[in-house]
Every structure is written in C-alpha cells, then in structure tokens.
Amino acid sequence: MIRIATRRSPLAKWQANHVAGLLRAGEPGLDVRLHELVTKGDKILDVALARVGGKGLFVKEIEDALLAGDAEIAVHSMKDLPAVLAEGLVVGAVPVREDPRDALCSPKHQTWDRLPRGGTVGTSSLRRAAQLKALRPDLHIEVIRGNVETRLRKASEGLDAVVLAYAGLRRLGLAEHATQVFSPEEMLPAVAQGALALEARASDAATLARLAPLDHPETRHRVEAERGLLRRLEGGCQVPIAAHATVAGGQVTLRALVASLDGARVVRGERTGPVAGASALGEALGEELLSRGAAEILKELEGTAEPVPH
Ligand SMILES: NCc1[nH]cc(CCC(=O)O)c1CC(=O)O
C-alpha cells in the first residue's frame, strides 16, 4: 500500500489523485490511498498569507506526516515548497509541468488594460500585486484568501478582477474563467508555478524507485534554475520575486525579477547556460540581481511582515 499525504483543498486533492493515477498506471493493481491533512495555512483563512509566515505553513504538517511514517509520498505544489526541505526528505520526482503563467479573471472587463481607472484587483500574492502596480499604478490591490473557487467568486462579486495561477484553474476544470493569460513579459510567474513536487523519505528506496518514472527531466531542470535563484535570494513569500525558465537544445534560460511592493522599482535579469548547471545558474542570477539593486529592496522589506503565530 502507498499513502499520499495531501491537504484537503480541491486543488490539493486533484493533484494527489492525479499522482495516484500515474502510479497505478505504472503498476496496475497498486493500492494507493490519500492521507488527508488540514494544515495551519488552511486554518488561518482571514489573514494575508504573507503576514502569517508564508509558504512553510502549507507544508510543515505534511512533511511531519511523512517523517512519522503516516504516508509514503507527499504531493505539493512546488511553488509552496520552501527553498530548503525538511531533514530526511527529498523530492523523488518532478512530473511534467502545467502552464506556469498567471491568469486574470475579470468577467466584467476581460483584460488588464480595460480595467477601470482606480479599479480593484484581488490577489494574496505580493509578486502579482507588485507586477500589476508596475503595469497599472492606478489599480488598488485587495488581499484575498481562500481556495481557488472562493477567490474566483470574488471576481464577479465586488472586485473588478482577480489574478490566479492558470495551472490551478486548468486542473480544476475552471480554465474558461480566465479572461486573459498574462505573457511572462507582463507578469513573470512565481518560482515553480505549475510544477508538482513528489516528496518522500530519503531512506525509502522502494518509494523512490516507484517515483523515478514520473520524473520529467525538462521540468526538473527548469525548476532547479528557478529554485536556485530563490535559494540565493532567501525569499519567503513576503518578497515579490518572480522567475521563469525555459529549456531548448540542452540549454536553460532563466528570466527573473525582484520588485518593490509598489512595483515602482523592478530589477530584472536573464541568463542562459547548460541544463546540467541549472541550479548554479539560478544562484548566479540571484547574486547578480542582489548586486544590481535587489539587495536594497529585500532589506527594505525585512521587518514589514508581522510575527508568525504558533
Ligand atoms: N498559493 C496557492 C497555490 N499553490 C499552487 C497554486 C496553483 C497551482 C500551481 O501553481 O501549481 C495555487 C493557487 C494560485 O496561486 O492561484
């Protein structure tokens, strides 16, 4: 029997069931079950995520379940995974990536350039907020929480638009609610957006052998570059950091930016190199951005987040 630890949100369960299906397809008759958990991040729905300790919130309890032996595999949105994993755990496979771009959902106005002057857009992501402000300084940003369906509802009730990951909409069969998909030039995606991480205990050779065929090397190289950058910038999600890598002909190209909260300052960079050095390439681009102004932006952001509740 294989148990997959997952959060209870519809998106998390879709992703866990998707991986269960991939495992069963490779090994017909395999008994795969979901081990559902409610994480701290799911319980604190009324506060901006950025202010309650960020990414680790969704991940820690799931990693604890793996370490306690209550499950063999954890399926995470890799975007939600901190740059450093819990001791004793590894990413056993990175399956093929869904579309990493962000989507605008605006049944009233359709596209970002047609939003009314001074309009209000909902997002809980500082990265999306900063890039929206860079495109349209007149817009107001409203912090919204809740699962994808809840946030989508706000686009037709009260707000002029919401911005969500296109990947989540596609997985949940809600892609038709996207009225515009941002180009990476307009809005650079989050590190690893659209990618899944299949995590297991480093000591569990049997599970790692089952996961290995699910790995998609091109996706892995892309997220290695993006996460290399994140590691160098030591970015929690209190920071507007964006990165998007592509792979062609054995070369990885990484584009990244760090923005101030109001979008007034944006430090951008790009690098290309062999896929074998994807992670180091990401770190090197992170270093370059730091030296070109990102360090000042990150320093200013320090201390703007409120203490993490325990
Ligand atoms: N922060 C929550 C989260 N984590 C992963 C996704 C979408 C799926 C993905 O990026 O793989 C979402 C929803 C969203 O940002 O709209």
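What you see is a predicted model; the values in this text were computed from it and never measured. (Residues numbered from 1 in each chain as written. Predicted model: local features only at pLDDT ≥ 70, side-chain atom pairs only at ≥ 80, totals over all residues.)

Right, let's get into the pairing of strand β10 (residues 196-201). Within β10, five of the six residues are buried, which leaves it mostly tucked inside the rest of the structure. As paired strands, strand β3 (residues 73-77) and β10 are joined by five bridges and run antiparallel to one another. The residue bridging A74 from the neighbouring strand is E199, located in β10. (Buried ≥ 20, exposed ≤ 12 C-beta atoms within 10 Å, placed from the backbone. Helix = DSSP H or I, 4+ residues; strand = E, 2+ residues; numbered from the N terminus. Pairing = 2+ DSSP bridges.)

All residues adjacent to the ligand are S77, K79, D80, V148, L164, A165, A167, G168, Q193 and G194. Elements that contribute at least two residues to the shell around the ligand include exactly β8 (161-165) and α6 (166-171). Of the residues belonging to the shell around the ligand, the class tally is four nonpolar, four polar and two charged. Formed jointly, the shell around the ligand draws a minimum of three residues from each of two domains, domain 1 (1-95 + 195-215) and domain 2 (102-181). (Near = placed C-beta within 6 Å. Nonpolar A, V, L, I, M, F, W, Y, C, P; charged D, E, K, R; others polar. Domains from an automatic or database assignment.)

What follows covers the sheet that holds strand β1 (residues 2-7). Pairing within the open sheet is mixed, and its five strands lie in the order β2-β1-β3-β10-β4. Either end of the sheet is taken by a strand with one partner, and the two such strands are β2 (32-37) and β4 (89-93). Here the strands of the sheet are splayed against their neighbours by 35° on average, with no regard to which way each runs. For β1 and β3, the ladder comprises two bridges, and the chain directions are parallel. Looking across to β3, one finds that I4 is bridged to I73. (Axes fitted to C-alpha atoms, helices over the stretch in contact; angles between N-to-C directions.)

Tracing the backbone shows D64 in helix α3 (residues 56-67). Distance in space between the C-alpha atoms of D64 and A5 is 9.9 Å, their sequence separation being 59 residues.

Right, let's talk about the nonpolar core for a bit. One finds I4, V162 and L198 to be the most contacted residues of the largest nonpolar core, which totals 86 residues. Top element by residues in this core is helix α9 (residues 278-301). It accounts for seven residues. (Core = buried A, V, L, I, M, F, W, Y, C linked by C-beta atoms within 7 Å.)

All right, on to the domain arrangement of the protein then. For the protein, the domain assignment lists domain 1 (1-95 + 195-215), domain 2 (102-181) and domain 3 (216-310). Each of domain 2 and domain 3 has a C-alpha centre, and these two points are 23 Å apart. Contacts between domain 2 and domain 3 engage six residues on the former and 12 residues on the latter. Residues belonging to the side of domain 2 that touches domain 3 are distributed by class as follows: three nonpolar, one polar and two charged. (Contact = placed C-beta atoms within 7 Å.)

Ordered by their spatial adjacency, five strands build an open sheet running β7-β6-β8-β5-β9, and the pairing between neighbours is mixed. Looking at which strands have only one partner, the edges of the open sheet turn out to be β7 (140-142) and β9 (180-181). By the bridge criterion, two bridges tie strand β6 (residues 120-122) to β8 in an arrangement that is parallel. Along β8, the bridge assignment pairs V121 with A161.

Attention shifts here to helix α4 (residues 126-135). Counting buried residues along α4, eight of its 10 residues qualify, which places the element largely inside the surrounding structure. Within α4, the full set of buried residues consists of L126, R127, R128, A129, A130, Q131, L132 and K133. Residues of α4 that are buried make contact with β5 (102-105), β6, β7, β8, β11 (241-248) and β12 (251-259).

Attention shifts here to the environment of A129. Residue placement: A129 occurs in helix α4. Since 25 C-beta atoms lie within 10 Å of it, A129 is described here as buried. In this structure the C-alpha to C-alpha distance between A129 and G250, which are 121 residues apart in sequence, comes to 34 Å. Setting aside anything within four residues of it in sequence, one finds A129 in contact with T123 and I141.

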